[in-house]
Amino acid sequence: MYDAELAKERLYVDGLYARLDELRAAKVEQLAQVRRTKSMGTHQNRSERDAFASLYENRLAQLNAVDDRLAFGRLDLESGEQRYIGRIGLSTEDLRQLMVDWRAPEAGTFYQATAFERLGVRRRRHLILQGRSVSAIEDDVLDHTMLVDGEHLQGEGALLAALNSKRTGRMSDIVGTIQAEQDRIIRSPLSGALVVQGGPGTGKTAVALHRAAYLLYTHRERLQSSGVLLVGPSSAFMKYIERVLPSLGETGVVMASLGHLMPGITAAAVETPEVAKLKGGIDMVAVMANAVANRQRLPHGDSRVDVEGTRLVLTSRQVRRARDKARATGKPHNEARVTFVKTLLRELTEQLREHIEGSGAGNTADRSYLAEDVRGSRDVRTILNLCWMPMSAEKLVRDMFSKPEILAAVAPQFSAAQRALLLRPANSPWTESDVPLLDEAAELLGELDATGGRAEAAHDAQRKRDLTNAEKAISNMNQLLEDSGVDGMLTAEQLADFNVVDGDHLSNAEVALTDRSWAYGHVVVDEAQELSPMQWRLLVRRCPVKSFTIVGDIAQTSSAAGASSWQGALSPFFGERWALEELSVNYRTPTQIAEAAARMANAAGQVVSTPKAVREGEWEPIIDRVAAGAVVDQVVAVMEEETAAVAGGLIAVIAPKVQVSDITVALRAVYGHRIGHGAGSTVQDIVVLDPHQAKGLEFDGVVIVEPAALLAGAGGRVGDLYVAMTRPTQRLRLITSEPLPEGIER
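Just so you know, these numbers come straight off a predicted model, no measurement behind them. Just so you know, the residues in each chain are numbered from 1, in the order the chain's sequence is written. Since the coordinates come from a predicted model, pLDDT governs what is reported: local features require at least 70, and pairs of side-chain atoms require 80 or more to be given and counted, while whole-chain, interface and lining totals use all residues. The basis for every side-chain value is the complete set of non-hydrogen atoms in the structure, without hydrogens or water.

Enquirer: Is there a simple way to explain the overall build of the protein chain in this structure?
Expert: Per the secondary structure count, the protein chain includes 32 helices and 22 strands. Exposed residues in this analysis have more than 50% of their type's maximum accessible area, buried residues have under 20%, and partly exposed residues fall in between, with area computed by a 1.4 Å probe over protein chains only. Buried positions account for 49% of the 746 residues belonging to the protein chain. The criterion used for residue contact is that any of the two residues' heavy atoms lie within 4.5 Å. The long-range share in the protein chain, meaning contacts at least 24 apart out of those at least 6 apart in sequence, stands at 73%. Accessible areas in this description were obtained via Shrake-Rupley with a 1.4 Å probe; residue shielding takes into account the shown protein chains only. When the accessible surface of the protein chain is split by element, carbon and sulfur atoms take 52% of a total near 33,900 Å². Secondary structure counts use DSSP, requiring at least four H or I residues in a row for a helix and at least two E residues in a row for a strand, with both numbered from the N terminus.

Enquirer: Mind showing me how you'd approach the sheet that holds strand β1 (residues 71–77) here?
Expert: The pairing of strands in a sheet happens through backbone hydrogen bonds and is either parallel or antiparallel. In short, DSSP must find at least two bridges between two strands for them to pair. Spatial strand order, β3-β4-β2-β1-β5-β6: six strands in an open sheet with mixed pairing. The sheet terminates laterally at β3 (90–91) and β6 (133–141), the two strands that pair on one side only. In this structure, β1 lies alongside strand β2 (residues 82–86), joined through five bridges in antiparallel fashion. Following the sheet pairing, Asp76 is matched in β2 by Gln82. Inter-axis angles, ranging from 0 to 180 degrees, are taken between N-to-C directions of lines fitted to C-alpha atoms, where helices are fitted over the stretch in contact. Packing against the sheet, helix α1 (residues 2–36) makes contact with β1, β2, β3, β4 (97–101), β5 (121–130) and β6, and its axis sits at approximately 120° to β6.

Enquirer: It is not clear to me how the environment of Leu127 should be interpreted in this structure. Could you clarify?
Expert: Here Leu127 shows up in strand β5. Its relative accessible area of 5% is what places Leu127 among the buried residues. Leu127 has contacts with Glu9, Val13, Ala71, Phe72, Gly73, Tyr84, Ala136 and Ile137, leaving out every residue within four places of it along the chain.

Enquirer: What is the right way to look at unusual backbone geometry in this model?
Expert: Of all residues except glycine, most have a negative phi; of all peptide bonds, most are trans. The backbone of Arg69 sits at a positive phi, close to 55°, despite the residue not being glycine. Note on placement: Arg69 falls in the loop between α2 (43–65) and β1. Positive phi outside glycine occurs at Leu119, with the angle close to 55°. One can find Leu119 in the loop between α3 (109–112) and β5.

Enquirer: Would you explain the side chain of Thr736 in this entry?
Expert: Tracing the backbone through its elements, the reader meets Thr736 in strand β22 (residues 728–736). Look at Thr736 and you get buried, because its relative accessible area is 1%. Two N or O atoms count as a polar contact when they lie within 3.5 Å, although within protein this holds only if one can serve as hydrogen donor and the other as acceptor, and sequence-adjacent residues are included solely when both atoms are side-chain atoms. Within the structure, the side chain of Thr736 is placed 2.7 Å from the backbone oxygen of Glu738, a separation counted as a polar contact. Sequence-distant contacts of Thr736, defined by excluding residues within four places in its chain, comprise Asp624, Arg625, Val626, Glu706 and Pro707.

Enquirer: Help me out: how do you make sense of helix α11 (residues 273–280) in this one?
Expert: Residues spaced three or four apart along an α-helix face the same direction, because each turn holds 3.6 residues. For α11, the set of buried residues is Val275, Ala276, Leu278, Lys279 and Gly280. Where α11 is buried, its residues meet α12 (284–293), α17 (393–402), α19 (416–422), α20 (434–445) and α25 (533–542).

Enquirer: Whenever I open this one, the pattern of salt bridges confuses me. Can you help?
Expert: Any two side chains of opposite charge can pair, on the condition that their charged atoms come close. Any Lys or Arg side-chain nitrogen found within 4 Å of a carboxyl oxygen on Asp or Glu counts as a salt bridge. Counting across every chain of the model gives 46 salt bridges. Between Arg123 and Asp139 there is a salt bridge, with the nearest N and O atoms lying 3.3 Å from each other. Placement of the pair is Arg123 in strand β5 and Asp139 in strand β6, with a sequence separation of 16 residues. By relative accessible area, which is 4% here, Asp139 ends up buried. Of the charged contacts, one joins Glu642 and Arg731 as a salt bridge, the two residues approaching to 2.9 Å between their closest N and O atoms. Remark: Arg731 occurs in strand β22 and Glu642 occurs in helix α28 (residues 631–645); sequence separation between them is 89 residues. For the pair formed by Glu642 and Arg731, the shared burial category is buried. Several salt bridges converge on common partners, so that one network encompasses Glu5, Glu9, Arg74, Asp76, Arg123, Arg125 and Asp139.

Enquirer: Is there a simple way to explain a positive patch on the surface in this structure?
Expert: On the surface, a cluster of positive charge is contributed by Lys325, Lys331, Lys342 and Arg346. Within the fold, Lys342 resides in helix α14 (residues 333–358). A relative accessible area of 54% means that Lys342 is categorised as exposed. Like charges are joined within 9 Å and nonpolar side chains (Val, Leu, Ile, Met, Phe, Trp, Tyr) within 5 Å, but only among residues with over 30% relative accessible area and no salt bridge; these make up the patches. Positive charges come from Lys and Arg alone, negative charges from Asp and Glu alone, with His and the N- and C-terminal ends not counted. Every charge is mapped onto a representative atom, which is NZ of Lys, CZ of Arg, CG of Asp or CD of Glu.

Enquirer: How do you make sense of the packing of α14 against helix α16 (residues 378–387) when you look at a structure like this?
Expert: How two helices sit against one another is set out by the angle between their axes and by the gap between those axes. Axis separation between α14 and α16 bottoms out at 11 Å; the angle between their running directions is 140°. When the interaxial angle is binned, α14 and α16 end up oblique. Handedness of the α14/α16 crossing: right-handed. Contact residues: Arg337, Phe340, Val341, Leu344, Leu345 and Leu348 in α14; Val380, Leu384, Asn385 and Cys387 in α16. Any angle between 65 and 115 degrees counts as roughly perpendicular, while under 35 counts as roughly parallel, over 145 as roughly antiparallel, and the rest as oblique. When the near helix sits turned anticlockwise from the far one by under a right angle, the crossing is termed left-handed; a clockwise turn instead gives a right-handed crossing.

Enquirer: Looking at this structure, I do not really get the sheet that holds strand β14 (residues 578–583). What am I missing?
Expert: Across the sheet, which stays open at both edges, the six strands sit in the order β9-β8-β12-β13-β7-β14 with parallel pairing between neighbours. Where the open sheet ends on each side, the last strands, each with one partner, are β9 (254–257) and β14. Taking each pair of neighbouring strands and ignoring which way they run, the sheet shows an average axis angle of 15°. Summarising the sheet, strand β8 (residues 228–232) and strand β12 (residues 522–525) pair through four bridges and their orientation is parallel. Bridge assignment links Leu230 to a residue of β12, and that residue is Val524. The strands touched by helix α7 (residues 204–218) are β7 (193–198), β8, β12, β13 (548–552) and β14; relative to β13, the strand with the most contacts, the crossing angle is about 170°. Docked against the sheet, α25 engages β8, β12 and β13, running at close to 150° with respect to β13.

Enquirer: Quick question: what am I supposed to make of the UniProt feature "binding site: ATP" (unreviewed entry) in the protein chain here?
Expert: UniProt positions are given in the numbering used here, feature names are shortened, and annotations may be inferred rather than shown by experiment. Sites flagged by UniProt as "binding site: ATP" (unreviewed entry) map to Gly198, Gly199, Pro200, Gly201, Thr202, Gly203, Lys204 and Thr205. Within the secondary structure, Gly201 sits in the loop between β7 and α7. Excluding its chain neighbours within four sequence positions, the residues that come into contact with Gly201 are Val585, Asn586, Tyr587, Arg588 and Thr589. With respect to the helices and strands, the residue Thr205 is situated in helix α7.

Enquirer: Please explain the nonpolar core as it appears in this structure.
Expert: In these notes, a set of buried Ala, Val, Leu, Ile, Met, Phe, Trp, Tyr and Cys residues joined through side-chain atoms within 4.5 Å is what counts as a nonpolar core. Counting residues in hydrophobic clusters, the biggest one holds 71 residues, and the most contacted among them are Ile85, Trp102, Leu230, Phe699, Ile704 and Met725. Listed in part, the 60 residues of the second largest apolar core include Leu422, Ala442, Leu445 and Phe573.

Enquirer: What should I look at first to understand the pairing of strand β21 (residues 699–705) in this one?
Expert: Regular strands have side chains that alternate between both faces of the sheet. Where burial is concerned, most of β21 is hidden: seven out of the seven residues are buried. Here strand β18 (residues 651–654) runs beside β21; their pairing, made up of four bridges, is parallel. Looking at β21, one finds that Ile654 is bridged to Ile704. Taken together, the six bridges between β21 and β22 define a ladder with parallel strand orientation. In the sheet register, Gly701 faces β22, and the bridge partner there is Arg731.

Enquirer: How should the packing of aromatic side chains be read in this particular structure?
Expert: We describe a pair of aromatic rings using the distance from one ring centre to the other and the angle between the two ring planes. Under the pairing criterion, centres of Phe, Tyr and Trp rings, with the six-membered ring standing for Trp, must be within 6.5 Å; the plane angle then separates stacked pairs below 30 degrees from edge-to-face pairs above 60, leaving the rest tilted. In this structure the tally under the stated criterion is seven aromatic pairs. Between the aromatic rings of Phe110 and Tyr111, the centroid separation amounts to 5.2 Å while the plane-to-plane angle is 90°, which identifies the pairing as edge-to-face. For the pair shown, Phe110 and Tyr111 are each scored as buried. Only when the NZ atom of a Lys or the CZ atom of an Arg is both within 6 Å of the ring centre and within 35 degrees of the ring normal do we say a charge sits over the ring. One cation-aromatic arrangement involves Lys279 over Phe401; the distance from NZ or CZ to the ring centre is 4.6 Å.

Enquirer: How should the side chain of Asp76 be read in this particular structure?
Expert: Its location among the elements puts Asp76 in strand β1. Ignoring any residue separated from it by four or fewer positions in sequence, one finds Asp76 in contact with Glu81, Gln82, Gly120, Val121, Arg122 and Arg123.

Enquirer: What is the right way to read α20 from this model?
Expert: A helix's residues, less one, multiplied by 1.5 Å, set its expected span. Taking 1.5 Å per residue, twelve residues should reach 16 Å; α20 reaches 16 Å between its end C-alpha atoms and fits that length. Burial within α20 is extensive, with ten of its twelve residues counted as buried. Among all positions in α20, only Asp434, Val435, Pro436, Leu437, Leu438, Asp439, Glu440, Ala441, Ala442 and Leu445 are buried. Buried-residue contacts for α20 involve α11, α12, α14, α17 and α25. Directly after α20, the chain includes Gly446, whose backbone phi takes a positive value near 80°.

Rendered as structure tokens:
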């Protein structure tokens, strides 16, 4: 019976792949056809072809991304229908349904049906694929009459098979094994903020990613143009999850770590917890406002300026009046500067006119040139810039942290010691905590036109020249056009547009990455407990409608500026417009390891929930006590045993940041290229990471170095050690030369 059913499923899945290949070939041909004619026609036609090209490219990317495990389930319904469930929907050319997209309402019963509430389902079949071939099948029988007839097939179980598989250094989707509590959260309504709280191993990240794919499918019209932003804690994490959404049929989600949310800025440097806490505090809102106001200065007294040999006086009162008028516009600094400059130029021009007319030069001469003389005066430009300098966000923040006198003026609420912590050289690299400050500064400053409007003027002038040339070309071709019967059908604008060279077509996701002011339709935040108030302020600015999926675990907070409760973190920004859901089952971590991590956290005073683990592990946590200075040698000594225990699975060595380099060097001396180091290295056999880089990742085995030092390095907060202890799917080893933190041992 098993062989017959397996052969039947293989035949059907072969047909699904054949249809997938047909659709790919059709999109390839359509795209090629569009590209062959892309440079011809009017500007409007070229825009339409760009839109079609983008449509075909996106569909082709989707079809290519879902090749692996295309189908994963079948529902046998009481109506007699057999409904196949897969990564995307597939139909024949005459619209006969072959497979239902997992996100469609009619696929929901695959995840929600139980023996107690069958929802019209008799049997749920899991299809386990290797490549394009069905390698195994497994049945969940919900109708007991099928058990009597023996019409069911059993094996290891799709969920346990997935949990026991080796880690690859890249996250896999769980689309074939989503559990009922996860599915309910994934399909929650779009509006408002949904907080998904869950302990380690509960599938928070997987739920967040599948929810992003579900929302894009269900609310395509609303979200297609605005897009979805997915924010993670680190570059290593983003690399770890990067394949999941494409495999779920979505290729347009904008994915960025916190250090990459300001266009043009890559923030990779790390700072001390004390500095991160200061920069992340909500007090920085007032500091940034003060920093901008500090660049709108009044002169100490009246200023004398030279305009073409005439001495004029710009009074402090005049500057104050112009400043007040500019501020009253409510515009950002760089845009309000236009009002400030125009006001003072007008007053100086009037003063120059009165001076010339008072000198006996006569009253009838044309004085229109005087405004240009004032505007072109070097003295005038200097004093205007000193009083109200156009400013970029980067320069504002660099000056503030590198010049003690500016920092003292804009941050009076900080003590001298706190300001000393914030000071740094002007050429220091950007940090994650700088990004919200840069964003705040950019919001207050507005757009900076470094050319003073000359770029826009040059563009307008070029457009006029293009139209003039087009008119001359049409005039020269007039007789030929008349003879062809098309005279009057071609305008100068159309000809000028035709000659414009279009840049590369960018998707909405690509545009959003380069546009700081882009407003997303939904934002997904993973490891959200780590965010500071300033980081929350940045993200809420990115999504004014406040539609969020917020995923995290308060017990895992390790950032000094992070949250101690969801209420405290979210209420200032969402009020009461947020709801809390909690995941209760630990799918990743074996019981013995999960309980040891919870005991350690509880002993340190952190109340943590202990989600029920779905499986026992083979090993209790292993503890090696060694002499001071022997820790690195012990890591090397146990590595052969660790790799053998997990049968060649992925091993992580998680250590204090100061020891990562030494451990990497020692392991590479023995294992060579098998050793990876830091962010993005999780494709190696053995990787060495600090706790921050390990956040959100999972490994077959984990070796923790100096657990007490991880606690001390986080200021006694258990987050770093708790995170490190809950990364393994099979085996945990701790190597220490210091007393072990309480609670780890029974």
